[in-house]
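Commentary on secondary and tertiary structure
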Amino acid sequence: MGSGLIGRGEELGALRRLLAQGRLVTVVGGAGMGKSVLAEHAAAAVGGTLPDGVVRVRWWEGGPARGRSVARVVADALDGAADGALGEAGAGGAARTGGGPVGIVELAARLRERRLLLVLDDFDPVREECVRLVRALLAEAPGVRVLAAGRHPLGLGEEAVLRLGPLAVVADPGARVAGAETGVAEPDMTARPGPARSPGTDSIAAGEVGLAAEGQVGPAAETEVGPAVILFLTRVRTVRGGLATGVIRLRRAPGTGGPAAPHSGPDLASPTEPRARSRDTARIPSDGVEFSDDDVRAARDICRRLEGVPLAIELAAVQAAHHPLPRLARLLADDAQGRLSRPDAPLRRHRSLRAAVGAGYALCGTVERTVWARLSVFAGEFDGDAAAFVCGGEGLDARKVPAALARLVLASVLEPVRDVGGVLTARYRMSAAARGFGAERLRSAGAGAAAVSRHQYWYGHVASTAHHLWSTGRHERAMALVRDEEADLRAALTRRPGDADQVSTALALAVDLWFWWAICGRAAEGRAHLRRLLPMDGAETWVRAQALWLAGWLAVCTDSSDAAALLGEAWQAAVLAGDDATVGRVCHVLGALALQEGRTEQAVAHLRAAADAVAAHAEHGPPTAVSWALLAVAQTRVDPAEARRSARRAATCPQPRHDLWTRSMTQYAQALVDHLGGRRSRAWRRAHKALAGALGVAGVVPATAVPAAAALAAPPGAARVRELIADIEAGRTPSPPLFPRPAIDR
């Protein structure tokens, strides 16, 4: 595989600046982030300015330094440089003959008059000894600069740390591409030293991220590819027998406006030949490799699943010799990246992603290993409280978890999403590779069931908190909480329950998120979860009755044919459980359907039953005020006096101060009743208040989440309120249907 540095131009520039400003710089990152390659390129660029050049030592070849001290290994590298050989040594190699014992003091004295760059690569297995050596060199050898690369900072006061993250999968839409103006890639300023290239030779090595799309990358996000995709396609071309040179470019087929397709190498078409390319395939004339639009999309999907980790991308590219890219993307969809391997890799820990991650695991203490394994049950970001609850118990004191999290962050196993110690609660995430390795350790320890159970219990509490926030009118906070925890809420719902209690907990979690499914545009997902969980629960409980009602409502929202059957089953289960509130919820949905379909008398009967059955403070589902308001809307055509009384009842129901959803519906019903009663001025004022509420809710629920025809599950959307305002101002009688069907997504 190629060793070019792709997509690290900014990091390389930052590293060179840090080396110019200070004497100790450490490149830190997780497994497979390319720390060694970046350090090597920086050393090649900076070492030429120092009289004594670069001395590079590496330790991590699958074990400790085999009895040799750090000072001895550095001395061997210095001796090699003095003999005219490459100034490089590895702890795994054989010691030089005739080398006596070398201590840190002797080495510092030897380097006191030297001006060089010492590269300590993969120092993690001997970190403590490296710390002592670097401290002595900083004090005794003023001409020595140190560039370290590892998973953990050295922790010295003068240390500047450059934390290396994954490669971007999607490019910045506003970023101008290298060489886009002229169609020629920028010169390679960061490649490792080697023979000079001829002027006509292109290179895809460091810095040459040459994706040209006639000036700028196209506006559609789907056509934007980042350095992760460029790296993958470059390596795929190599393993498929293509040349290692040539710049991959994105070109649009003239006149098609279609997605860009990669192009590699010089354009060999003669001036008289048409340059238009097929919309489906872009041929790479220099080596015969072709990438279709499907390949580019698959490459983007692969890199996204691999989270932009360079080592994982390189290992996946090796598999492209055996699988088409779309098939490879499907294979990686099952969290198979831990099985990616390359047996001929020079370094043993780079022969598989699992080996790279496992090398870091071997350096962790017992507590950190246990916490790492138990954290693997998290599917997304999490905070310290969640980690302490899930990881605590089973022989581990929960009070030890925060310190373990901090050490795992320093070891680049966890990535802090928010700064620890900031105003907001610190949150963390774990890479898919680290999570997969931790899951293996958890299963081998036999502790998986307990961790999964605690995880489900915790996120059941999160869902209950979100429901409480929504029910008390704090819609924005409820939405933000669910968005932050969405990945783990989904994981708690999709994992197969181990027993009846876990089934009941999952159903309760799904019911607590009723507003997320029914109002915020996730009806199809919620319906799928309930469809899978309900057959597992045979107990006639209030949770099952509520789950059946919610499944029926979501079935209505998604136009499912089993909506009526589910609502009927929910009514029976609620009656048997003595749950009057759920009986009322079923009647509310039936009434809204009848009103939408023009069956006014049935709508009035159902909605009156709902308003009478649902208590003022009943949880889960539309509040009582919404049922009264919808009843008033239904009664405006058949009994205006009753409609006025129902609207008044809606307004007098207890309502949370900030519940824009309920107030918007109530004010809409009052405005409609006033308008039909000839009180246009009052109707106009109330309609504008309803519009403000509808717009407020629309600000909480993204406009793209729900169709314009049904911006809310029960209250009218802003478009419906504007129609009423227009009718009031024109003196028109509103035309049916007065209320939209409660459909959310289809």
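Not measured: the values here are computed from a predicted model. All residue numbers refer to position in the chain's written sequence, counted from 1. Since the coordinates come from a predicted model, pLDDT governs what is reported: local features require at least 70, and pairs of side-chain atoms require 80 or more to be given and counted, while whole-chain, interface and lining totals use all residues. Only hydrogens and water are set aside when side-chain values are computed; all heavy atoms of the structure are taken into account.

What follows covers the overall build of the protein. Scanning the protein for helices and strands turns up 29 helices and 13 strands. Each residue is placed in one exposure class: buried if its accessible area under a 1.4 Å probe, protein chains only, is under 20% of its type's maximum, exposed if it is over 50%, and partly exposed if it falls in between. Burial status across the protein gives 52% buried among its 746 residues. In this analysis, two residues are considered to be in contact whenever any of their non-hydrogen atoms come within 4.5 Å of each other. For the protein, the proportion of contacts with a sequence separation of at least 24, taken over those separated by at least 6, is 71%. Strands here mean DSSP runs of E at least two residues long; helices mean DSSP runs of H or I at least four residues long; both are numbered from the N terminus.

On to the environment of Leu414. Relative to the assigned elements, Leu414 resides in strand S12 (residues 414-416). Taking relative accessible area as the criterion, Leu414 reaches 3% and is therefore assigned buried. Considering only alpha carbons, one finds Leu414 and Arg427, 13 residues apart in sequence, at a separation of 9.9 Å. Not counting residues up to four positions away in its chain, the partners in contact with Leu414 are Leu375, Phe382, Leu405, Leu408, Val409, Tyr428, Arg429 and Met430.

Moving on: helix H22 (residues 563-577). Taking 1.5 Å per residue, 15 residues should reach 21 Å; H22 reaches 21 Å between its end C-alpha atoms and fits that length. Within H22 the residues assigned to the buried category are Ala563, Leu566, Leu567, Ala570, Ala573 and Ala574. Across the axial projection of H22, the buried residues extend over an arc of 125°, all falling on one side. Exposed residues lying more than 90 degrees from the buried face of H22 are Ala564, Ala565, Gln572 and Leu576. Among the structural elements, helix H20 (523-533), helix H21 (542-557) and helix H23 (580-596) are those in contact with the buried residues of H22. Two residues or fewer past H22, Gly578 is found with a positive phi of approximately 70°. Expected helix span is given by 1.5 Å per residue-to-residue step, counting one fewer step than there are residues. Directions drawn from the helix axis to the C-beta atoms are what define this arc.

Each residue gets a pLDDT score, which is the predictor's confidence in that residue and runs from 0 to 100. The pLDDT averaged across the protein works out to 78; a share of 75% of its residues lies at or above 70. By mean pLDDT, strand S9 (residues 281-283) is the weakest element of the protein at 37, and helix H11 (residues 366-375) is the strongest at 96. Across residues 91-98 the pLDDT falls below 50, and counting only partners more than four positions away or on other chains, this stretch makes 16 contacts in the model. A low-confidence stretch, residues 702-715 stays under pLDDT 50, and its non-local contacts, those more than four residues away or across chains, total 35 contacts.

Let us now look at empty space enclosed by the protein. Over the atoms rolls a probe the size of a water molecule, and its path tells where empty space is left. Site definitions follow a grid-based scheme: protein atoms alone, a 1 Å grid, a 1.4 Å probe that fits but cannot get out for cavities, and for pockets an open set with protein on both sides within 12 Å along at least five of seven lines, plus lining residues having an atom within 4 Å of a point. Grid points are joined across faces, edges and corners, and a volume is the space filled by probe spheres set on the points. Enumeration over the complete set of coordinates arrives at four cavities of 30 Å³ or more. For the lining of the largest cavity, the element with the highest residue contribution is helix H15 (residues 448-471), accounting for three residues. Each residue gets one of three labels, nonpolar for Ala, Val, Leu, Ile, Met, Phe, Trp, Tyr, Cys and Pro, charged for Asp, Glu, Lys and Arg, and polar for the others, Gly among them. Class assignment of the residues belonging to the lining of the largest cavity gives a composition of three nonpolar, three polar and two charged.

Let us look at the sheet that holds strand S13 (residues 427-430). At least two bridges found by DSSP between two strands is the condition for calling them paired. Read from one edge to the other, the open sheet built from three strands follows the order S11-S13-S12, with strand pairing classed as antiparallel. The open sheet has two edge strands with one neighbour each: strand S11 (382-383) and S12. Taken together, the two bridges between S11 and S13 define a ladder with antiparallel strand orientation. Looking at S13, one finds that Asp383 is bridged to Arg427.

This part covers the packing of helix H10 (residues 353-362) against helix H14 (residues 432-445). Note on method: axes are straight lines fitted to C-alpha atoms, helices fitted across the in-contact stretch only, with angles between N-to-C directions ranging 0 to 180 degrees. Across the interface, H10 lies against H14 with an axial gap of 10 Å and an inter-helix angle of 70°. With respect to their mutual orientation, H10 and H14 come out roughly perpendicular. Of the residues in H14, those touching H10 at Leu353, Arg354, Val357, Gly358 and Tyr361 are Ala433, Ala434, Phe437, Glu440 and Arg441. Its residues placed into classes, the contact of H10 with H14 shows six nonpolar, one polar and three charged. Oblique is the label for any angle not covered by the other classes, which are roughly parallel (under 35 degrees), roughly antiparallel (over 145) and roughly perpendicular (65 to 115).

Turning next to the nonpolar core. Counting residues in hydrophobic clusters, the biggest one holds 141 residues, and the most contacted among them are Leu147, Phe232, Trp372, Leu375, Phe382, Tyr459 and Phe515. Top element by residues in this core is H21. It accounts for 12 residues. For Phe515, the contacting residues outside a window of four places in its chain are Ala466, His467, Trp470, Ala478, Val482 and Cys520. In this description, a nonpolar core means a group of buried Ala, Val, Leu, Ile, Met, Phe, Trp, Tyr and Cys residues linked to one another through side-chain atoms lying within 4.5 Å. Among the nonpolar cores identified, the runner-up in size contains 36 residues, and Ala603, Ala611, Val626 and Ala650 belong to it.

Looking now at the environment of Gly226. Mapped onto the secondary structure, Gly226 falls in the loop between strand S6 (160-164) and helix H6 (227-239). In sequence terms Gly226 and Leu167 are 59 residues apart; their C-alpha atoms lie 7.6 Å from each other. Discounting chain neighbours no more than four positions away, the residues touching Gly226 are Ala168, Val169, Val170 and Ala171.

Take the pattern of salt bridges next. What makes a salt bridge here is a side-chain nitrogen of Lys or Arg within 4 Å of a carboxyl oxygen of Asp or Glu, nothing more. Counted according to the given criterion, the structure contains 29 salt bridges. In this structure, Arg56 engages Asp121 in a salt bridge whose closest nitrogen and oxygen atoms are separated by 2.8 Å. Of this pair, Arg56 sits in strand S2 (residues 54-58) while Asp121 sits in strand S4 (residues 116-121), placing them 65 residues apart in sequence. Like Asp121, Arg56 is buried. Its salt-bridge partner being Glu642, residue Arg645 comes within 2.5 Å of it at the nearest N-O pair. Placement of both Arg645 and Glu642 in helix H26 (residues 640-652) is noted, with a separation of three residues, approximately one turn of the helix. The class of Glu642 is partly exposed, set by a relative accessible area of 23%. Residues participating in the shared-partner salt-bridge network are Arg56, Arg58, Asp121 and Asp122.

To describe two helices that pack against each other, one gives the angle between their axes and the distance between the axes. Where helix H18 (residues 500-512) meets H21, the closest approach of the two axes is 9 Å, and the angle between their N-to-C directions is 45°. In this view, H18 runs oblique relative to H21, as classed from their interaxial angle. Where H18 crosses over H21, the two elements pack in a sense that is left-handed. Across from Ser504, Leu507, Ala508, Ala510 and Val511 in H18, the residues of H21 making contact are Val543, Gln546, Ala547 and Leu550. Left-handed is the label given to a crossing in which the near helix is rotated counterclockwise from the far helix by less than a right angle, and right-handed is the label when the rotation is clockwise.

What follows concerns unusual backbone geometry. Positive phi, close to 55°, is recorded for Asp122, a residue that is not glycine. Among the structural elements, Asp122 can be located in the loop between S4 and helix H5 (127-140). A positive phi angle, near 65°, is found at His620, a position not held by glycine. Among the structural elements, His620 can be located in the loop between helix H24 (600-613) and helix H25 (624-635). With a relative accessible area of 7%, His620 lands in the buried category.

With four of five residues buried, S2 lies mostly within the body of the structure. With five bridges connecting them, S2 and S4 associate as parallel partners. Bridge pairing in S4 links Arg56 to Val119.

Another aspect to go through is the packing of aromatic side chains. Pairing of aromatic side chains here covers Phe, Tyr and the six-membered ring of Trp, requires ring centres within 6.5 Å, and sorts the geometry by plane angle: under 30 degrees stacked, over 60 edge-to-face, intermediate tilted. One pass over the structure, following the stated rule, counts 12 aromatic pairs. Judged by centre distance (6.2 Å) and plane angle (80°), the ring pair of Phe378 and Tyr459 falls under edge-to-face. Of the two residues, Phe378 is situated in the loop between H11 and S11 and Tyr459 in helix H15; the sequence distance between them amounts to 81 residues. Taken individually, Phe378 and Tyr459 each receive the classification buried, so the pair is uniform in this respect. Between the aromatic rings of Trp470 and Phe515, the centroid separation amounts to 4.8 Å while the plane-to-plane angle is 10°, which identifies the pairing as stacked. Within this pair, whereas Trp470 is found in helix H15, its partner Phe515 is found in helix H19 (residues 514-518), the two being separated by 45 residues in sequence. For the residue pair Trp470 and Phe515, the accessibility class agrees, reading buried in each case. Taken together, the ring pairs connect Trp470, Trp514, Phe515, Trp549 and Trp553 into an aromatic cluster.

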